[in-house]
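Residue-level structural notes
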Amino acid sequence: MPEIELNCQNLPCPQPVLKCKDCIDTRSPAQMAVIVDNAAAKENVTRFLGTRGYAVTATETPQGAWKLQAVLESSVGAQSGCEQCEVLSSEELRVLDEKTVVLITTEVLGSGDDTLGTRLMKNFLATLPELGSTLWRVVLLNGGVKLASDGHEALPELQKLESAGVNILVCGTCLDFFGLLERKAAGQTTNMLDVVTSLQLATKVIRP
C-alpha cells in the first residue's frame, strides 16, 4: 500500500492534528507521512499519532520543515487493568469516573501585585494534590505556559504533580508565541483539540 502523505504546512493549531485525525478515521493507514512547518505542530502531531498507536520519526527537510514518518504498531496490553476493575468497590469506581481539570491561563493568581500573584499561584499548585485521585489534568494556556518553563518559581510544583501521575498539558501555540518551546520543563506540548476534549470529558473544571 502506498504511503499517505499529508501536507500540513501553514495550517494553524489544531488543523494539522485534525487533518491527521480525519485521515486515520476515514482511511486507517498502516503508515503515513505528515509535513509540518513549525516546532509546535511537530510536537502536537507526534503526540497525537502516538495516542493512536503510531511510532513516529521526525526528519528536518532542507526547507526547514519536518517530515513525520508514522508507522502503526500492534496494540499491546489492550486489556490491562480490566481484571483490577472487577475487585474495585462501587465507591472506588465512582472516584475513578471523576475527572477534574484545572485550567490555568495566567502565571499569576489574582490581580493587584504580580509578586504576590506569583506566590499565590505557587501555593495554589502546591495545594492541588488535596483534590486526591480525582485530579486528572492541568491545562496551561496563554501566560499559564510560563509556569512550565525552566527557571520559573512554580515549576517544581508542576513537576511534583506530573510525577504523581497528573497530566500536565501545555499549549504548543502559546509556548511558540512566548519563545518557550525549548524551555518547557514539565508537561506535554498540546493543541486546542486536546484542550477542548479535556474540557468535554471533565466532570469538573477549576479555573483559578
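Residues numbered from 1 in each chain as written. Predicted model: local features only at pLDDT ≥ 70, side-chain atom pairs only at ≥ 80, totals over all residues. Heavy atoms only, no water.

Check the secondary structure of the protein chain and you find eight helices and nine strands. Residue pairs at least 24 apart in sequence account for 69% of intrachain contacts in the protein chain once pairs closer than 6 positions are excluded. Here the protein chain has roughly 11,500 Å² of accessible surface; of this, 50% comes from carbon and sulfur atoms. (Helix = DSSP H or I, 4+ residues; strand = E, 2+ residues; numbered from the N terminus. Contact = heavy atoms within 4.5 Å. Areas by Shrake-Rupley, 256 points an atom, 1.4 Å probe, with all protein chains shown as cover.)

The next thing to look at is the confidence of the model for the protein chain. Taken as a whole, the protein chain shows an average pLDDT of 88; of its residues, 88% reach a score of 70 or greater. Residue range residues 75-96 is modelled with pLDDT below 50. Its contacts to residues more than four positions away, or to other chains, number six contacts. (pLDDT = per-residue confidence, 0-100.)

So, about the pattern of salt bridges. Under the counting rule described, the total for this entry stands at six salt bridges. A salt bridge links Glu-5 to Lys-67; its shortest N-O distance comes to 3.7 Å. In this pair, Glu-5 sits in strand 1 (residues 4-7) while Lys-67 sits in strand 4 (residues 66-72), placing the two residues 62 residues apart along the sequence. In this structure, Arg-52 engages Asp-25 in a salt bridge whose closest nitrogen and oxygen atoms are separated by 3.1 Å. In this pair, Arg-52 sits in the loop between helix 2 (39-51) and strand 3 (54-60) while Asp-25 sits in helix 1 (residues 15-27), placing the two residues 27 residues apart along the sequence. Under the relative-accessibility criterion, Arg-52 is labelled partly exposed at 31%. A relative accessible area of 43% places Asp-25 in the partly exposed class. Several salt bridges share partner residues, and in doing so they unite Lys-21, Asp-25 and Arg-52 into one network. (Salt bridge = Lys/Arg side-chain N within 4 Å of Asp/Glu carboxyl O. Buried < 20%, exposed > 50% of the residue type's maximum accessible area, 1.4 Å probe, protein only.)

With that settled, consider the pairing of strand 3. In this sheet, strand 4 lies alongside strand 3 in antiparallel orientation, the contact comprising seven bridges. When the bridges of strand 4 are listed, Glu-60 appears paired with Trp-66. Joining the antiparallel neighbours strand 3 and strand 4 is a turn of five residues, in which Gly-64 adopts a positive phi near 90°. (Pairing = 2+ DSSP bridges.)

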